[in-house]
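Read off the chains here:
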Amino acid sequence: MKEMPVLIWRDEQHAVVVKPAGMSTHGRSSHTLDAILRQQASSILGPNVSPMDIRLMNRLDHGTRGLVVLAWTKDAIEWLQAGWSGYRKTYHAWVIGEVKTVRGTCRMALDGRHAESRFLNLGSRTWPVHGKSSLLEWTITTGRTHQIRRHAAGMGHPIVGDPVYGGPDQFKGKGLHLMGTSLAWVTPGEIGERQVTCLPSKRLRQAGHPSFKTMSTSPFIHLFQH
C-alpha cells in the first residue's frame, strides 16, 4: 500500500502536510498530492474544508519527501503568496562523495534565471559499494525547478539516487535522498514564526552509522541518526 499524505499542522485557513516520496504534487494521476487532498478533504482536513477551495502553496519533486503548505481561504492564500520568499525552508540531502567544505553558497543560474542555494556540511560516512556520502543541510532563497538537485550536481556531488542528475553512479534502487525537512513561516495575521518539521524516512536516517564523521552541528542532525 502506498504511503499517504499526513496532516501535521492546521488552523482555520491553512495547513501543512507531509508529502511522501514517490508522489507527485500535481498532475493528471488520481494519486497526486493535489488529487488526494481534494478527494479526501473531509477526512484529512476536516468537514468544513471545501475541496474546490484547496490551493497548494508550494511543490516538491516526485521523489522528494517533505512539507507542503495548502490554504483554502482567499486571505490565507494572498498572505502566504506575499510572504513565501521570506520564509525559512530547510532541506537535507545525502550527496555522492565526501564534501570537504564546511559551508558554501551555489549561485549557478538555472534556465537563465538567478538561483541561490546555501549548504551546511553536517558530515560524511562510508557507503557500501559507492565509497562515501555526505549529509548536506540546504536553505534556498530562490525556487527554481530541481534547484537543489541541479546545484548539487553542478558542485560535483549529485544527490544519492537522483535518476536525472546523478550521472552513471547514482546509488541506484534506493530512491532520491532529498527531503524538505523544516518550514518556519508566519501565519496570517500573526507576527511571530511557527515552525514544523518532517521526520525522515528510514533510508535517510544514515548519520548514526559508526563511520559517520561530523563536520557541523545542527538542530536537525538527530533526525538522521538511528
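Just above sits the structure.
Residues numbered from 1 in each chain as written. Predicted model: local features only at pLDDT ≥ 70, side-chain atom pairs only at ≥ 80, totals over all residues. Heavy atoms only, no water.

Our next topic: the layout of surface pockets. Any space left empty among the atoms is revealed by the rolling of a water-sized probe across them. Estimates place the volume of the largest pocket at around 720 Å³. Around the largest pocket, the lining comprises 32 residues; the ones closest to its centre are R59, Y91, I140, G143 and R144. Breaking the lining of the largest pocket down by element, the ones donating at least two residues are β4 (65-71), β5 (88-96), α4 (147-154) and β9 (178-185). Partitioning the lining of the largest pocket into residue classes produces 10 nonpolar, 17 polar and five charged. Here the second largest pocket is characterised by a volume of approximately 210 Å³. Y87, R88, K89, T90 and T139 are, among the 14 residues lining the second largest pocket, the residues nearest its centre. Listing elements by their share of the lining of the second largest pocket, those giving two or more residues are β5 and β8 (131-140). When the residues that make up the lining of the second largest pocket are grouped by side-chain class, the tally is three nonpolar, seven polar and four charged. (1 Å grid on protein atoms, 1.4 Å probe; cavity = no way out; pocket = protein on both sides within 12 Å on 5 of 7 lines; lining within 4 Å. Points joined across faces, edges and corners; volume = space filled by probe spheres on them. Helix = DSSP H or I, 4+ residues; strand = E, 2+ residues; numbered from the N terminus. Nonpolar A, V, L, I, M, F, W, Y, C, P; charged D, E, K, R; others polar.)

What follows concerns the side chain of D34. With respect to the secondary-structure elements, D34 resides in helix α1 (residues 33-39). Looking at D34, the relative accessible area reads 17%, which means it is buried. When neighbours within four sequence positions are excluded, D34 is seen to be in contact with T25, H26 and L56. (Buried < 20%, exposed > 50% of the residue type's maximum accessible area, 1.4 Å probe, protein only. Contact = heavy atoms within 4.5 Å.)

Our next topic: the pattern of salt bridges. According to the stated counting rule, one finds 14 salt bridges in the structure shown. Among the ionic pairs, E12 bridges to R10, the shortest N-O distance being 3.9 Å. A salt bridge links R107 to E116; the nearest nitrogen and oxygen atoms lie 3.3 Å apart. Salt bridges here are not isolated pairs; linked through shared partners, they connect E98, K100, K132 and K213. (Salt bridge = Lys/Arg side-chain N within 4 Å of Asp/Glu carboxyl O.)

The next point concerns helix α3 (residues 74-83). Two residues of an α-helix separated by three or four positions point the same way, owing to the 3.6 residues in each turn. Those residues of α3 lying buried are A76, I77 and L80. Within α3, the buried residues cover an arc of 100 degrees as seen down the axis, which keeps them to one side. Away from the buried face of α3 by more than 90 degrees, exposed residues K74, D75 and A82 are located. Those residues of α3 that are buried lie in contact with β2 (14-19), β3 (55-56), β4 and β9. (Arc of directions from axis to C-beta.)

As a further point, take the environment of P188. Tracing the backbone shows P188 in the loop between β9 and β10 (194-197). Using a relative accessible area of 18% as the deciding quantity, one classes P188 as buried. In the structure, P188 is positioned 12 residues away from P200 in sequence and 28 Å away in space, judged by C-alpha atoms. Aside from chain neighbours lying at most four places away, what touches P188 is Q13, H14, A76 and W79.

With that settled, the discussion passes to α4. The buried fraction of α4 amounts to six of the eight residues, a majority that puts the element mostly inside the structure. Listed in full, the buried residues belonging to α4 are Q147, I148, R149, R150, H151 and A152. Check the buried side of α4 and you find it contacts β5, β6 (103-106), β7 (117-127), β8 and β9.

It is worth spelling out unusual backbone geometry at this point. Here the phi dihedral of D111 falls at roughly 55 degrees; this positive angle occurs in a residue that is not glycine. Secondary-structure assignment places D111 in the loop between β6 and β7. Among the residues examined, D111 registers a relative accessible area of 58% and is labelled exposed. Phi at H146 takes a positive value of approximately 55 degrees, unusual for a residue other than glycine. Counting through the fold element by element, H146 comes out in the loop between β8 and α4.

With respect to the helices, strands and loops of the structure, R118 is situated in strand β7. Overall, R118 belongs to the partly exposed group, its relative accessible area being 41%. Within polar-contact distance, the side chain of R118 engages the side chain of E116 at 3.0 Å. (Polar contact = N/O pair within 3.5 Å; in protein donor to acceptor, adjacent residues only side chain to side chain.)

In short, geometric facts, not functional conclusions.
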